[in-house]
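Reading the structure
Residues per chain are reported as follows:
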Amino acid sequence: MSIHPTAIVDPSAQIGEGVEIGPFTVIGPHVKIGDGCVIGASVNITGHTDIGSGCTIYPGACIGMPPQDVKFNKDEVTYVKIGKNNIIRECVTIHAATGAGNTTVVGDGNFLMAYVHVGHNCVLGSNIIVSNASSFAGHVHIEDNAVVGGMTGVHQFVRIGCFAMVGGCSRINRDVAPYCTSAGSPERFYGLNVVGLRRNGIDSASRMALKRAFAVFCSHTKADAIKLVEQMEITKEVAHLLEFVKAESKRGICFRRAKAGKGSEAESVL
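Residues numbered from 1 in each chain as written. Predicted model: local features only at pLDDT ≥ 70, side-chain atom pairs only at ≥ 80, totals over all residues. Heavy atoms only, no water.

**Describing the nonpolar core**
Counting residues in each nonpolar core, the largest one holds 69 residues, and the members touching the most others are Ile45, Ile94, Phe136 and Ile160. Counting residues per element, the ones that place at least two in this core are β12 (79-82), β28 (187-192), α2 (204-217), α3 (222-230) and α4 (236-246). No other element matches the 6 residues that α2 contributes to this core. In this structure Ile45 touches Val26, Ile27, Gly28, Val31, Ile33, Ile39, Ile51, Ile57 and Ile63, once residues within four positions along its chain are discounted. (Core = buried A, V, L, I, M, F, W, Y, C linked by side-chain atoms within 4.5 Å. Buried < 20%, exposed > 50% of the residue type's maximum accessible area, 1.4 Å probe, protein only. Helix = DSSP H or I, 4+ residues; strand = E, 2+ residues; numbered from the N terminus. Contact = heavy atoms within 4.5 Å.)

Quick look at the structure:
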């Protein structure tokens, strides 16, 4: 490994093979860093934090800090678990969970751009892209392959489904369904994420099945929509959409209805 002489690494920290640690970086006593990670200058990694192999962490990032939660008890032991091959850019903050034994989770292959904040108890899947200065409040859950635009704020307990695209400068206070696009303040549902689905190899038949399912969800109550969609063609993607809608939601799922009148749009929440 290569550790700059100005870095402070606690002797009990577990550092893998081939790790590079830059100047003025501080690594705490309970930290585990996997093989081949590159830790830039002035990074602070503390708490019970486990970082998988092949991650690159840029200057100024702070990982494992106590949560911004008034209920947090400093005597609680909570965790941060970060997977493999993540890119964590400048000044990203990833906070430890609140509630004894709980974990803030970041999966594999994610790209968190500069100044992104991942709050306590968040669960991020894999292959997610989050643009600059977006912030996730506590308990946010983001599924695989989602994309979140810059300067977006996501309310606590919100879920963002897989392959969803969230536009920049949005205020997301309702769940974002899988496979769709959503943006605005307040957020609105803008239909199927066609470009993202094409890029990820989801064929036209599956996209059409999703489009029909979304049309039902945008024009019926939740209970009625579920019954109607269950009678339609159930592709793997539609099955996941149904699972997402049926699952417990603390914020509701936001859809944009058809135009309510000339030049206006209406929103529905399931």
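**A closer look at the confidence of the model for the protein**
Taken residue by residue, the protein gives an average pLDDT of 94. The fraction at 70 or more is 94%. Throughout residues 258-266 the model reports pLDDT below 50, and contacts reaching past four residues in sequence, or to other chains, amount to 9 contacts. (pLDDT = per-residue confidence, 0-100.)

**Examining the pattern of salt bridges**
Oppositely charged side chains are able to pair whenever their charged atoms sit close together. Throughout the structure, instances matching the rule amount to 6 salt bridges. Put simply, Lys81 and Asp50 hold a salt bridge, and the shortest N to O gap is 3.5 Å. In this pair, Lys81 is assigned in strand β12 and Asp50 in strand β9 (residues 48-51), connecting sequence segments 31 residues apart. Exposure remark for Asp50: the relative accessible area of 24% places this residue in the partly exposed category. Across the pair Arg89 and Glu90 runs a salt bridge whose closest N-O atoms are separated by 2.8 Å. Its relative accessible area of 25% is what places Arg89 among the partly exposed residues. (Salt bridge = Lys/Arg side-chain N within 4 Å of Asp/Glu carboxyl O.)

**Some remarks on the pairing of β12**
The two faces of β12 differ: Val80 and Ile82 on one face are buried, but Tyr79 and Lys81 on the other face are not. By the bridge criterion, 4 bridges tie β12 to strand β15 (residues 103-106) in an arrangement that is parallel. In the strand pairing of β15, Ile82 is matched with Val106. (Pairing = 2+ DSSP bridges.)

**A few points about α3**
Listed in full, the buried residues belonging to α3 are Ala225, Ile226 and Val229. Burial along α3 is one-sided: seen end-on, the buried residues are contained in an arc of 100°. In the core, the buried residues of α3 are packed alongside α2 and α4. (Arc of directions from axis to C-beta.)

**With respect to the pairing of strand β27 (residues 180-184)**
Pairing analysis gives 2 bridges linking strand β25 (residues 165-166) to β27, with the strands arranged parallel. Paired with Met165 across the bridge in β27 is Thr181. Where β27 lies against β28, 4 bridges are found, and the strand directions are antiparallel. Each residue of the ladder has a partner; that of Cys180, found in β28, is Leu192. Linking two consecutive strands that pair antiparallel, namely β27 and β28, is a turn of 2 residues.

**Comments concerning unusual backbone geometry**
Most peptide bonds take the trans form, and the phi angle of most residues other than glycine is negative. Residue Pro186 is bonded to the preceding Ser185 through a cis peptide linkage, with omega at 0°. The backbone phi angle of Phe157 is positive, close to 70°, even though this residue is not glycine. Tracing the backbone shows Phe157 in the loop between β23 (153-154) and β24 (159-160).

**A word on the side chain of His95**
Structurally, the position occupied by His95 is in strand β14 (residues 93-95). We classify His95 as buried; its relative accessible area is 8%. Contacts of His95, omitting those with residues within four sequence positions, involve Met65, Pro66, Pro67, Gln68, Val80, Thr104, His117, Val118, Gly119 and His120.

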